[in-house]
Amino acid sequence: MKSDGRIFQLSTRDIPKKWININPDLPEPLSPFLNPADGTPVPLEAMQALFPESLLAQEVSMEREIEIPEDILETYSLYRPTPLVRARFLERALDTPAKIFFKNEGVSPTGSHKPNTAIPQVYYNHRAGIKKLTTETGAGQWGSALSFAGSRFGMDIRVFMVRVSYEQKPYRRVMMQTYGGNVVASPSEQTEVGRRLLQDETNRPGSLGMAISEAVELAGREEGTNYALGSVLNHVLLHQTVIGQEAKQVLDGLGLKPDVVIGCHGGGSNFGGMAIPFLYDKMAGRDIDFVASEPLACPTLSKGLYAYDYGDAGKYIPLAKMYTLGHDFVPPSVHAGGLRYHGASPIVSILKHSGLIRAEALRQMETFEAALLFARTEGIIPAPESAHAIASAIRAAKACRERDEEKVILFNLSGHGHFDMASYQAYFSGGLEDFEYPEEEVRRAEAQLPRVEMKVNA
Ligand SMILES: *Cc1c(COP(=O)(O)O)cnc(C)c1O
């Protein structure tokens, strides 16, 4: 390991050789996916219209570790291992006795953690003879990552991009095109569900749930075409465990263990990928505070209901048991586009429900203030999503200052914000608003939940 006491850089041979699968060690077993039509469990084979067998096997695997194929390791080596950084300048600015570390996933080719799963997803589809993948993207990070991975394995990529982001982030679109991806604003006229949604003007800004429906419809209809999801699913969290494993390797080398582990939460993949390798210590009795940071405008884990719900607005994909704000919830256009999803990963939902982790909902203004302090101390302009994790880390560091505690705080910097300058501009021009999720939305969401519990229990 190379280090100047601030940046800790592992070498290529230290890239983890296995992903860590938490499925067998979850405090409650995963609930089956259910058919949205009749509430009966969906057999895995039924999902082969969208995913290759290899990824479905990972989805339900009970092996504690899954070996990473050589071709994936080779592509990972374009940017992994990512640096672990001791945020000494931030610590100084906060005058905190805490040690703050962050994992910089912003150094990947597309600027976020998303290639960690885009690469294996394209690889396994390619191995299964699939020629084209459809997907959705919010802020454009996932679409860029999949387009990049597609270019490595000769896969056609079709991306349905949530319209607000398509308009706010034109350069993300160009980036996808640079990697060879094909981008469409969603809801679009290209699918049945898109045309139906567009009949109601309030759907025009789009949402991840709507874009998922479009991508799934197309994948189901076209021969040789599959679908890829950038978060939420078990195999996505599995792939992201390279983040936590590398962080753990460095901290172990320094003789340190984290007391607080933080990640921002959209669908749960970067938080899960950071948290999972450290969760075993907590299950063995060590006191660790795991914090999933989310926007107060879309507080899925903090205020959502734990129930079976649809994953998409069009009700195409199987029902999953998770925290949800309701499948037709259209979150306000907050600038952390990647955190605007109504649902959450079933794995993270179980961890939250069992009390192993907690969630923190943050106002947009607090996250941008944290982003500025981070940029002006550590020099990196964070993605607005990652700014949620920074804000939570700052809260934890301030608590350490008040109680004079020398804790180790670890957070994941899920991405840089170079394509988010419009959001920063809105902040500087006073155009940012704080949205709070209204309480009555919870009751509205509850009324919209599918009535399936009876059939599962029967
Ligand atoms: C997509 C994205 C997120 C949110 O997704 P998760 O699955 O919750 O990790 C967070 N940060 C960045 C930079 C992203 O691109």
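Please read all numbers here as calculations on a predicted model, not as lab measurements.

Novice: Looking at this model, I keep getting lost on the confidence of the model for the chain. Mind explaining?
Specialist: Do not read the predicted coordinates in detail wherever pLDDT is low. Of the residues in the chain, 98% have a pLDDT of 70 or more, and the chain-wide mean is 94. Mean pLDDT in the chain bottoms out at helix α18 (residues 453–457), which sits at 46, and peaks at strand β11 (residues 260–264), which reaches 99. Across residues 454–458, where pLDDT falls below 50, the model places 4 contacts with residues more than four positions away in sequence or in other chains.

Novice: It is not clear to me how the pattern of salt bridges should be interpreted in this structure. Could you clarify?
Specialist: Two side chains carrying opposite charge are able to pair once their charged atoms lie near each other. Per the counting criterion, the structure on display carries 20 salt bridges. A single network of salt bridges, built from pairs that share partners, joins Arg80, Lys103, Glu105 and Glu246.

Novice: I keep staring at the site of the ligand and nothing clicks. Help me out?
Specialist: Residues in contact with the ligand amount to 18 residues; listed here are only the nearest, Lys114, Ser231, Gly266, Ser269 and Ser414. Glycine 267 is positioned such that a nitrogen or oxygen atom in its backbone is 2.9 Å from an oxygen atom of the ligand. In the environment of the ligand, an oxygen atom lies 2.7 Å from a nitrogen or oxygen atom belonging to the side chain of serine 269. Alone, the ligand offers 380 Å² of accessible surface; in the complex the protein occludes 97% of this. For the ligand, the cavity whose grid points lie within 2 Å of the majority of its atoms is the largest cavity. Considered class by class, the residues forming the shell around the ligand number 3 nonpolar, 13 polar and 2 charged.

Novice: Looking at this structure, how should I read the sheet that holds strand β16 (residues 408–413)?
Specialist: The 8 strands lie next to each other as β1-β2-β5-β6-β16-β11-β12-β15, forming an open sheet whose pairing is mixed. The outermost strands of the open sheet, each flanked by one partner alone, are β1 (2–3) and β15 (358–362). Where β11 and β16 come together, 3 bridges link them in parallel fashion. Bridged to isoleucine 262 within β16 is phenylalanine 411. Relative to the sheet, helix α11 (residues 269–283) contacts β6 (99–104), β11, β12 (289–295) and β16, its axis offset from that of β11 by approximately 160 degrees. With respect to the sheet, helix α14 (residues 364–378) is in contact with β5 (84–86), β6, β15 and β16, its orientation differing from that of β15 by roughly 95 degrees.

What counts and how
Residues numbered from 1 in each chain as written. Predicted model: local features only at pLDDT ≥ 70, side-chain atom pairs only at ≥ 80, totals over all residues. Heavy atoms only, no water. pLDDT = per-residue confidence, 0-100. Helix = DSSP H or I, 4+ residues; strand = E, 2+ residues; numbered from the N terminus. Contact = heavy atoms within 4.5 Å. Salt bridge = Lys/Arg side-chain N within 4 Å of Asp/Glu carboxyl O. Near = heavy atom within 4 Å. Polar contact = N/O pair within 3.5 Å; in protein donor to acceptor, adjacent residues only side chain to side chain. Areas by Shrake-Rupley, 256 points an atom, 1.4 Å probe, with all protein chains shown as cover. 1 Å grid on protein atoms, 1.4 Å probe; cavity = no way out; pocket = protein on both sides within 12 Å on 5 of 7 lines; lining within 4 Å. Sits in = over half its atoms within 2 Å of the grid points. Nonpolar A, V, L, I, M, F, W, Y, C, P; charged D, E, K, R; others polar. Pairing = 2+ DSSP bridges. Axes fitted to C-alpha atoms, helices over the stretch in contact; angles between N-to-C directions.

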